[in-house]
Amino acid sequence: MLYPQQNISRNKFDLSGIWDFKIDPDRMGERNGWHTGLDGARPIAVPGSWNEQYEDIYNYLGLAWYVKSTYVPQYWQGQRVFLRVGSACYFSTIYVNGIKMGSHEGGHLPFVFEVTDHLCWKTENTIAISVENDLMPTRVPSGNMSSPLMPQSCFPRTTYDFFPFAGIHRPVVLYSVPPVYIEDITVITGINGLDGTVKVRVQLNSADTIQGSVHIKGDEVTFTAKLMFKDGLAEAHLIVHNANFWSDKTPYLYDLTVQTEQDQYTLKVGVRTVKVQGGQIFLNDKPIHLNGYGRHEDFYASGKGLNQPLMVKDYQLMRWTGANSYRTSHYPYSEEEMQLADREGFLIINEIPAVSLQFDNDENIAIRLRTCLQQVDELITRDKNHASVVMWCIANEPLIAQPGLGVSVSSNVFSVAKGKEFLGTLMQRVRTLDPTRLVTFVALMGSPSSWVEQCDVICMNRYWGWYILGGELNKALISLEQELDSAWETWHKPIMITEFGADTMAGMHGHPNAMWTEEYQAEFVRGYLTVAARKDFIAGMQVWNFADFASIQSIMRVGGMNMKGIFTRGRTPKMAAHVLREFWIK
Ligand code: BDP
C-alpha cells in the first residue's frame, strides 16, 4: 500500500485527466461489453465526483462506468505493473483489456491490482472502472434506513449529514516495481534525551535472503544501518543524534530511504512521540492543545474529488486562524492531504467512515463490523508512517436506540451492549496494529459510559446553544461548563470538543444577535473557547466546520447546505474567523 513513487527503480504514470463516462441505471454494462469501451460516452474529470460535473446526475448514486485507454511504455517490461485507485466511492470493479481484475468496497481508501500479465505492450490498453454508491443499511456509512439524527424526509436518504458524492475521487495511477520489491515499510520513532530513535521494519514481496540498507538524511547528517532480510523481513534500529523533532511549530522531516539490491523507496519521516497523561495530550513530552476544525472534502464542481489548489488554500486559511489540527471527519482524506499535514505541521485525528453507526440487529451489525475492521486495517496500513497523525478515530456519533422515542427498553439494552462490543473490538484492533498512537471515538450527547471509557481521549460533539437551548447562549454555556466538569470527574482523561458550531448565513447580521446571523456564530465560538480556556483538562477544541459544505436536502439544511462553516463554501471568512484568531494566534 506504499504510495507510488518515481525513482531510479520505480515508474509511475498518473492517469488523471478526462475519461469516458456513462451511467448504467439498468446494470447492463458488463453484459453489453462496456468494460471494453463506451458508446455515447460523455467526458468526465478524474479525480472528481460525478455529481457536480453534470446537473442531471447530481442525485444519481447507481452504477456508472469510467473508461480510458493508454499505452504503457515498453521500457517497463520486466517489471511488475500495478493499477492503483486512490479512492472511489463506494464499490468499484476494475477491468484491464476486458478482463476483470477485482473489486473493492469502501469509498475513501486506496486499492491496488497487479496487471502485469494483462497488459499489451504494442497497442493501447483499455482500463475500465465501474463505480456505484447505492445507499444501503449494511454499508459504512449506512443509508436507506431511518436515523434518529436525520429528518425522515431527507433526500438522498443518508444516515449522515453530508452529501453522498460518488465517483473516482482520487488519482488512478499505473506504477511499476522491480521483480523483488519493497512491499511495506513501518517506521516507529521515539525520543531519548536529545536523540531520536527510529525503528524501521521492511517487508519484501519475496522470501529471498538478501541484504539492504536504510538511510536517514537530515539537513547536514545521514545515519545508516544494514538490513538483513530473512523470510522477506528485516528490521533496523537507528539513532538520530541531536535530532530535530517534528512538531506543529517545527515540522521537521527527514528523508528515510530503504535500499535493496533491486529496489529503493523514500519516506518523509518526522521524529516525534505522542501520549496522554492526566488531563493532557503530550507531543514530544510537552503538553499540546489541538486547536482547529472538523472538515469535509467538499467543493464546487470537484465534489469530494482531490482538489490540490483547494488543499493548499485551506491549509493556509487554517493557519491564518491559528489552527494546528483537524479531524478527517467523517472518513479518511487523501494521501496528498496527509503528506501536506506532515510538511505543514498539522496534528490529525484520522477517522474511518463509521459515522452514525446503529446497533440494530445481529446480521447488520456483523456486516458493518467486518467493513469497519477492513477500513481500520487499510487506513493504518496507509497512514501509519505520517508524523501528523496523532490519533485514530474509529467512529463518529454511534447511536443508541433511545427508549421513549418509539423504542423499547430491551432494544435500548441490546444496542448499548452491542455498541460496547463493536467499539471495543475496533479499538482493540487499532491498539494491536498501532500501539504508538491514541485511539478514540467521537461521542454524541448521552453516549453510554461503557462506550466512552474505552477511549484514550474523551472526544465529544456538543451543540448547547444550537440544537439545545438555541438562541439562549448564556444558559447554554452554563450547561456546557457543568457537563465538562462532570465529564472530567467521571473519566479523569483529556477531553476534546471535536464539534461545536452554529449554522450561519454569510452576510446575515442582527443586533441583538439571533441564530443564523454572523454575530451569533461569533459569540457562540467565543463562549465555547472562553469556557474551555478555564479547564486544564481540555486538550483541544475543533469547531464544526471549517467551511460550509454540501449536505442532503431537508428542512434543516438551507439549499442543501450545512452552513456551520467558519468560511463559506467559496472560502470567504465569516465574523467568527476573527474570534478564532483572537484566541489561537498567540
Ligand atoms: C454532528 C455530526 C456532523 C453534523 C453536525 C451538524 O457529527 O456530521 O454535520 O452534527 O448537525 O452531529 O451540523
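None of these values were measured; they are calculated from a predicted model.

What counts, and at which threshold
- Residues numbered from 1 in each chain as written.
- Predicted model: local features only at pLDDT ≥ 70, side-chain atom pairs only at ≥ 80, totals over all residues.
- Heavy atoms only, no water.
- Domains from an automatic or database assignment.
- Near = heavy atom within 4 Å.
- Polar contact = N/O pair within 3.5 Å; in protein donor to acceptor, adjacent residues only side chain to side chain.
- Areas by Shrake-Rupley, 256 points an atom, 1.4 Å probe, with all protein chains shown as cover.
- Nonpolar A, V, L, I, M, F, W, Y, C, P; charged D, E, K, R; others polar.
- Helix = DSSP H or I, 4+ residues; strand = E, 2+ residues; numbered from the N terminus.
- Expected span 1.5 Å × (residues − 1).
- Buried < 20%, exposed > 50% of the residue type's maximum accessible area, 1.4 Å probe, protein only.
- Arc of directions from axis to C-beta.
- Contact = heavy atoms within 4.5 Å.

Draft legend 1. Structural view of the domain arrangement of the protein chain. Looking at the protein chain, the domain boundaries give domain 1 (11-177), domain 2 (182-262) and domain 3 (288-584). Here domain 1 and domain 2 have C-alpha centroids that lie 35 Å from each other.

Draft legend 2. Local environment of the site of the ligand. Asp161, His330, Glu397, Tyr467 and Lys564 are the nearest of the 13 residues found near the ligand. The separation between an oxygen atom of the ligand and a polar side-chain atom of Glu499 is 2.8 Å. Against a free-state accessible area of 320 Å², the protein chains account for coverage of 92% of the ligand. Classifying every residue of the shell around the ligand gives four nonpolar, four polar and five charged.

Draft legend 3. Here's a closer look at helix 1 (residues 308-320). Between its first and last C-alpha, helix 1 extends 18 Å over 13 residues, near the 18 Å set by a 1.5 Å rise per residue. Buried within helix 1 we find Leu310, Met311, Asp314, Tyr315, Leu317 and Met318. Each buried residue of helix 1 sits inside an arc of 165° when the element is viewed along its axis, so together they form one side. Set apart from the buried face of helix 1 by more than 90 degrees, the exposed residues are Pro309, Val312 and Gln316. Residues of helix 1 that are buried make contact with strand 23 (290-294), strand 24 (325-327) and helix 2 (335-344). In the stretch just after helix 1, Gly322 is the one whose phi turns positive, near 90°.

Draft legend 4. Representation of unusual backbone geometry in the model. Following Ser329, the chain continues into His330 via a peptide bond in cis, with omega recorded as -10°. The omega torsion of the bond from Trp544 to Asn545 falls at 5°, within 30 degrees of zero and hence cis. When you line up the elements, Asn545 lands in the loop between strand 30 (538-544) and strand 31 (549-550). The phi dihedral of Asn242 is positive, around 50°, even though this residue is not glycine. Locating Asn242 in the fold gives a position in the loop between strand 17 (233-240) and strand 18 (254-260).

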